[in-house]
Amino acid sequence: MKFTLSWLKDHLETDASLEEICARLTMIGLEVEDVDDKAAFKPFVIAKVVFAEPHPNADKLKVLSVDTGSGEPVQVVCGAPNARKGLVGAFAAPGTYVPGIGVTLSVGNIRGVESRGMMCSEKELEISDDHTGIIDLPEDAPVGTSYAAYAGLDDPVIEINLTPNRPDCTSIHGIARDLAASGLGTLKTRPAPSFPVEGETPVKVRLDLGEDRHLCPGFALRLVRGVSNGPSPAWMRQRLTAIGLRPINALVDITNYLTFDQGRPLHVFDAAKVTGNLTVRRAKEGEKVLALDTREYTLSPANVVIAGEDGVESIGGIMGGEHSGCDENTTDVLIEAALWDPMNIAKTGRTLNIITDARYRFERGVDPEYMVPGIERATELVLELCGGTAAKLDVAGYEGHKPKVVDFPVSEVKRLTGLEISFEESVSILKKLGFGVEGSRERLSIAVPSWRPDIDGKADLVEEVMRIHGVDNIVAEPLASHNAVNGKMLTTLQIRTRQAKRALASRGMLEAVTWSFIAEEQAKLFGGGQPALKLANPIAADMSDMRPSLLPGLLTAAQRNADKGFGDVAIFEVSGTYEGDTPETQRRVAGGIRRGTASLNGAGRLWSNAAKGGGKPVDVFDAKADAIAVLEACGVPTPNVQFEAGGPAWYHPGRSGTIKLGPKTVLGAFGEFHPKTLDALDVSGPLCGFEIFIDAMPEPKKRATRTKPALELSPFQAVKRDFAFVVDREVEAAVIVRAASGADRKLVTAVNVFDVFEGASVGEGKKSVAIEVTIQPVERTLTDEDFEALTSRIVANVAKSTGGVLRA
């Protein structure tokens, strides 16, 4: 939103400087994005031609002697047909940048004659498109003074960045209202337009929208006869040019001027080009219109149009048609002001790809109560600038505006902002902003003005009071500290999510963020693909389903890295997966994959691996170690965790495992990937991975406060004993480990498998599993009898659980 300083002061009585105004605008929420102080016009001065003679070497050029008011006359070569002795115009000396031609002047030589500057046309100063001659000022124009100050071109242009919820500030009057409410001046009120009216407006309007009357809640139309449509006055052209609009003619310029001045878009039709009456209706399928931008648009019933008997005359609220546009031959003009549905305007504008100042305002919402005053003001300007006679105003459909009333407890200001703002100041601010205020000191009834459709509740009113009082008055206060890390700020799930990320990062893995959407084929490959998890409007064909697992995204990410030469990859993600469309079936999962030689120990091309023929490829045990690290970081008691051979179908059946806590609670799975899975994903290379269900972990038990030290070391030497058991080949090593640990959980502190052997010496279908048992005395040194008794219990426990016997 752009406006000039003088334009703002048409609505605001203030002595504030440009800097003060800009600072206040930003403070009240109307952020100033740019200020153009028109410094480019400062070098141009008023100069008088004291002598003019033909150029000796060119018939169409003249050599001028120009008085710039700074001493000796300056010689200038000029080709303008109106250059003559006594002409007063705008002069640019060497070194001046001329915006209309994009050139910085220097001393030149034109056909053998030196030229030390330039007499400028209006086009060269970007005042208008007129370049038929140089600027011709009155004889009494003060020579040697600033041309910009004389012509009003030194008017600074302010640009503010409006948020979509402030349609009232798409007008300069609305901006002035906010500034006045903040105490930076007084809002000026213009007298209501008054002019004679003769006869009826012969063209009638019919709203043919059926039950969709909200698409056009009101339509006002007036005929003005006998106008003379020439250029608009200089002051209007200068203001429109300053904000980036091109002046066209008086009638069109008036509508553009009021769009910015009052936030009221209007349209003018050449009455002679409109056949019959006007109808506001939905467009017909395939109906076309040639718009004012000279582009032809194909319409549909989703678009609302203003149509005459010969077809569409205007796309309602967005752009008029070329057919009925006003030009220099227009003598009778129809002025239109209407109300349009913001949502429909936004959809139509996006569909047709049309961006106009009218659309910008209508899709945010214009003041319905200013429809009639707006057309009255436009009529007044037409009569003032173009002459003519106004007919009676014809209004169709408008039923008036019913103000929204909001219940406002005044204490909300303190509660929501922390500011101590007096009751009197709060009421004063709201009244200055145009709100109706009634009620007691504790509770007010606030009537919302018609130009503020963004106000819905009491929090919006608090915001109005706060921003006008001054956001800079809010004192910054730090958040209150908590008594302990991870106190009441985070949930258990949030804490474990952070702990899992840190644990995996500490193991040399890099965090990845992958899409939550994957292809249907990938979803089915990892247990998904249910209809409930298909996206209604996917952003791409290969992102059609919500992911049932983190692994597809991580595997494809690893392959992309490998394709670019980074084959050793270790990445993880802690995020959500989806087993259904209910909250209970959305899970929090920590997943990761390793590729190539990216294991924790000895990854990549290291000198220490040269003797081994390179780094060791990743395998199931790397994935298992990552999974255990997540469990330990999240506080899961790993001695109670069971590992079962085999995992989901996407893992290799003989090189994978499932992690359980008890018979029913599945904590996750790990392993190397099935070759068919990798083929389906078009992924290759040594790969292993894991997934841990963080949301399946039990809540940590609250422990009573202990007075004993955090770390207690036994004063007695630990002892290690080895056992080798012959068991059936199908028996899992984990079963042997659990059985040995259960022999005496107080004394047995660790059980590790260090050898597995299969061969004829142990029997057909059998295998030998060797374990190391760590025995840690706590209360006293163990005797031989104690060790023998413990050994017997270990052997008995293993035999009972597996049927195994000690290997001879």
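That block above? That's the structure.
Reading the values: rules and limits
- Residues numbered from 1 in each chain as written.
- Predicted model: local features only at pLDDT ≥ 70, side-chain atom pairs only at ≥ 80, totals over all residues.
- Heavy atoms only, no water.
- Axes fitted to C-alpha atoms, helices over the stretch in contact; angles between N-to-C directions.
- Helix = DSSP H or I, 4+ residues; strand = E, 2+ residues; numbered from the N terminus.
- Parallel < 35°, antiparallel > 145°, perpendicular 65-115°, else oblique.
- Left-handed = near helix turned anticlockwise from the far one by under 90°.
- Contact = heavy atoms within 4.5 Å.
- Nonpolar A, V, L, I, M, F, W, Y, C, P; charged D, E, K, R; others polar.
- Disulfide = S-S within 2.5 Å.
- Buried < 20%, exposed > 50% of the residue type's maximum accessible area, 1.4 Å probe, protein only.
- Phe/Tyr/Trp six-rings, centres within 6.5 Å; stacked < 30°, edge-to-face > 60°.
- Pairing = 2+ DSSP bridges.
- Salt bridge = Lys/Arg side-chain N within 4 Å of Asp/Glu carboxyl O.

Caption draft 1: Structural view of the packing of helix α13 (residues 492-506) against helix α16 (residues 620-633). Between α13 and α16, the shortest axis-to-axis distance is 8 Å and the interhelical angle comes to 140 degrees. Compared by their axis directions, α13 and α16 come out oblique. Crossing geometry of α13 relative to α16 is assigned as right-handed. Counted together, Q499, A500, A503 and L504 of α13 and D626, A629, V630 and A633 of α16 form the full contact between these two elements. Classifying every residue of the contact of α13 with α16 gives 6 nonpolar, 1 polar and 1 charged.

Caption draft 2: How the structure looks around the state of the cysteines. For the structure shown, the criterion picks out 0 disulfides. Here C22 stays free of any disulfide, with the sulfur of C169 as its closest cysteine sulfur at 15 Å. Note on C22: relative accessible area 11%, which makes it buried. No disulfide involves C634; its sulfur sits 19 Å from that of C688, the nearest cysteine.

Caption draft 3: Geometry of the packing of aromatic side chains. Counting across every chain of the model gives 10 aromatic pairs. Look at W650 and Y651: their rings are 6.3 Å apart centre to centre, the planes differ by 40 degrees, and that puts the pair in the tilted class. Looking at W650, the relative accessible area reads 15%, which means it is buried. Note on F723 and F725: the rings are 6.1 Å apart at their centroids and 10 degrees apart in plane angle, and the pair reads as stacked.

Caption draft 4: A look at the pairing of strand β5 (residues 58-67). For strand β4 (residues 45-55) and β5, the ladder comprises 7 bridges, and the chain directions are antiparallel. Paired with E53 across the strands is V63, a residue of β5. The hairpin turn running from β4 into β5, its antiparallel successor, is 2 residues long. Both β5 and strand β6 (residues 74-78) contribute to a ladder of 5 bridges, which runs antiparallel. Note on β6: the bridge partner recorded for L64 is V76. Here β5 hands over to β6 after 6 residues, with G69 in that stretch at a positive phi of 80 degrees.

Caption draft 5: Spatial organisation of the packing of helix α18 (residues 733-741) against helix α19 (residues 784-802). At their nearest, the axes of α18 and α19 sit 8 Å apart, and the two run at 140 degrees to each other. Put simply, α18 runs oblique to α19. Crossing angle aside, the handedness with which α18 passes α19 is right-handed. Residues V735, I736, A739 and A740 of α18 lie in contact with α19, whose contacting residues are I794, N797, V798, S801 and T802. Of the residues assigned to the contact of α18 with α19, the class counts are 6 nonpolar, 3 polar and no charged.

Caption draft 6: Structural detail: the sheet that holds strand β35 (residues 642-645). Pairing within the open sheet is mixed, and its 7 strands lie in the order β30-β33-β34-β38-β37-β36-β35. Among the strands making up the open sheet, the edge pair consists of β30 (510-511) and β35. Inspection of the sheet shows β30 paired to strand β33 (residues 569-578) by 2 bridges, in the parallel sense. Counterpart to E511 in the pairing with β33 is F572. Those strands touched by α16 are β34 (586-595), β35, β36 (651-661), β37 (665-673) and β38 (687-693), and its axis lies near 25 degrees from that of β38.

Caption draft 7: Representation of the pattern of salt bridges within the structure. Per the stated rule, a full pass over the model turns up 45 salt bridges. Here D208 and R206 are joined by a salt bridge, their closest N and O atoms 3.7 Å apart. In this structure R206 comes out as partly exposed when scored by relative accessible area, which is 48%. A salt bridge links R282 to D212; the shortest N-O distance between them is 2.9 Å. You can see R282 sitting in strand β18 (residues 278-282) and its partner D212 sitting in the loop between β15 (205-208) and β16 (218-225), a full 70 residues away along the chain. Residue class for R282 comes out partly exposed when judged on its relative accessible area of 33%.

Caption draft 8: Quick look at the sheet that holds strand β21 (residues 304-308). The mixed open sheet is built from 5 strands, whose spatial order is β15-β18-β21-β22-β23. Bordering the open sheet on either side are β15 and β23 (319-320), each of which pairs with just one other strand. As judged from the 4 bridges shared by β18 and β21, these two strands associate in the antiparallel manner. By the bridge assignment for β21, V280 is matched with I306.

Caption draft 9: The arrangement of the environment of C326 in detail. Among the secondary structure elements, C326 is positioned in the loop between β23 and β24 (333-339). A residue is classified by how much of its surface remains accessible, and C326, at 10% relative accessible area, is buried. Separated by 17 residues in the primary sequence, C326 and E309 have C-alpha atoms spaced 19 Å apart. In this view, C326 contacts N229, N249, L251, V268, F269, D270 and V333; residues no more than four positions away in its chain are not counted.

Caption draft 10: Representation of the environment of T331 within the structure. Assignment of secondary structure puts T331 in the loop between β23 and β24. Along the backbone, T331 and C386 are 55 residues apart, and their C-alpha atoms lie at a distance of 9.4 Å. Not counting the four nearest positions on each side in its chain, T331 is found in contact with V224, R225, G226 and V227.

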